[in-house]
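# Structural characterization, general
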Amino acid sequence: MSTGAEPDVVITACPDGPLLVRGDVEIRDAEGVPVPRRRATVALCRCGGTAIPPWCDGTHKVNGYTSGT
Ligand code: FES
């Protein structure tokens, strides 16, 4: 939990796209195993169409996914 003006972690829902995760947070797979990150900001798929879960691979742009946000 952040005590300053800027939060430690920010998750931004992209309209009709992924969740952008910025900050120092551990991402785990369904078995609870940490998924290695190579970037400070990562995009998590929420359309279900990615070929590289949990990451977004841009498939949401062609599969008709709409987020409603
Ligand atoms: S949100 Fe981008 S591939 Fe699913």
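Residues numbered from 1 in each chain as written. Predicted model: local features only at pLDDT ≥ 70, side-chain atom pairs only at ≥ 80, totals over all residues. Heavy atoms only, no water.

## A look at the side chain of His60
Rules: In this text, helices come from DSSP runs of H or I with a minimum length of four residues, and strands from runs of E with a minimum of two, each type numbered from the N-terminal end. Contacts are assigned to residue pairs with any non-hydrogen atoms lying within 4.5 Å of each other.
Position of His60 among the secondary structure elements: in the segment after β3 (41-44). Once residues lying within four places of it in the same chain are set aside, the contact partners of His60 are Asp16, Gly17, Pro18, Cys47 and Tyr65.

## Section: the nonpolar core
What counts is decided by this rule: Take the buried Ala, Val, Leu, Ile, Met, Phe, Trp, Tyr and Cys residues and link them wherever side-chain atoms come within 4.5 Å; each set so joined is a nonpolar core. The rule is simple: take the accessible area with a 1.4 Å probe, protein chains only, and divide by the maximum for that residue type; under 20% is buried, over 50% is exposed, in between is partly exposed.
Grouped together as the largest cluster of nonpolar side chains are six residues: Val21, Ile27, Val35, Val42, Leu44 and Trp55. Those residues within four positions of Val35 in sequence are excluded, and the remaining contacts are Ile27, Arg28, Asp29, Pro54 and Trp55.

## Some remarks on empty space enclosed by the protein
Note the cut-off: Here a cavity means grid points, on a 1 Å grid over the protein atoms only, where a 1.4 Å probe fits yet cannot get out; a pocket means an open set of points with protein on both sides within 12 Å along at least five of seven lines; lining residues are those with an atom within 4 Å of a point. Grid points are joined across faces, edges and corners, and a volume is the space filled by probe spheres set on the points. Here the term charged refers only to Asp, Glu, Lys and Arg, the term nonpolar to Ala, Val, Leu, Ile, Met, Phe, Trp, Tyr, Cys and Pro, and the term polar to all other amino acids, Gly among them.
Inspection of every chain in the model, using the stated rule, returns one cavity of 30 Å³ or more. Size it by volume and the largest cavity reaches roughly 30 Å³. Looking at the largest cavity, the residues that line it are Cys45, Arg46, Cys47, Thr50, Cys56, Asp57, Gly58, Thr59 and His60. Here the lining of the largest cavity is built from residues that sort into three nonpolar, four polar and two charged.

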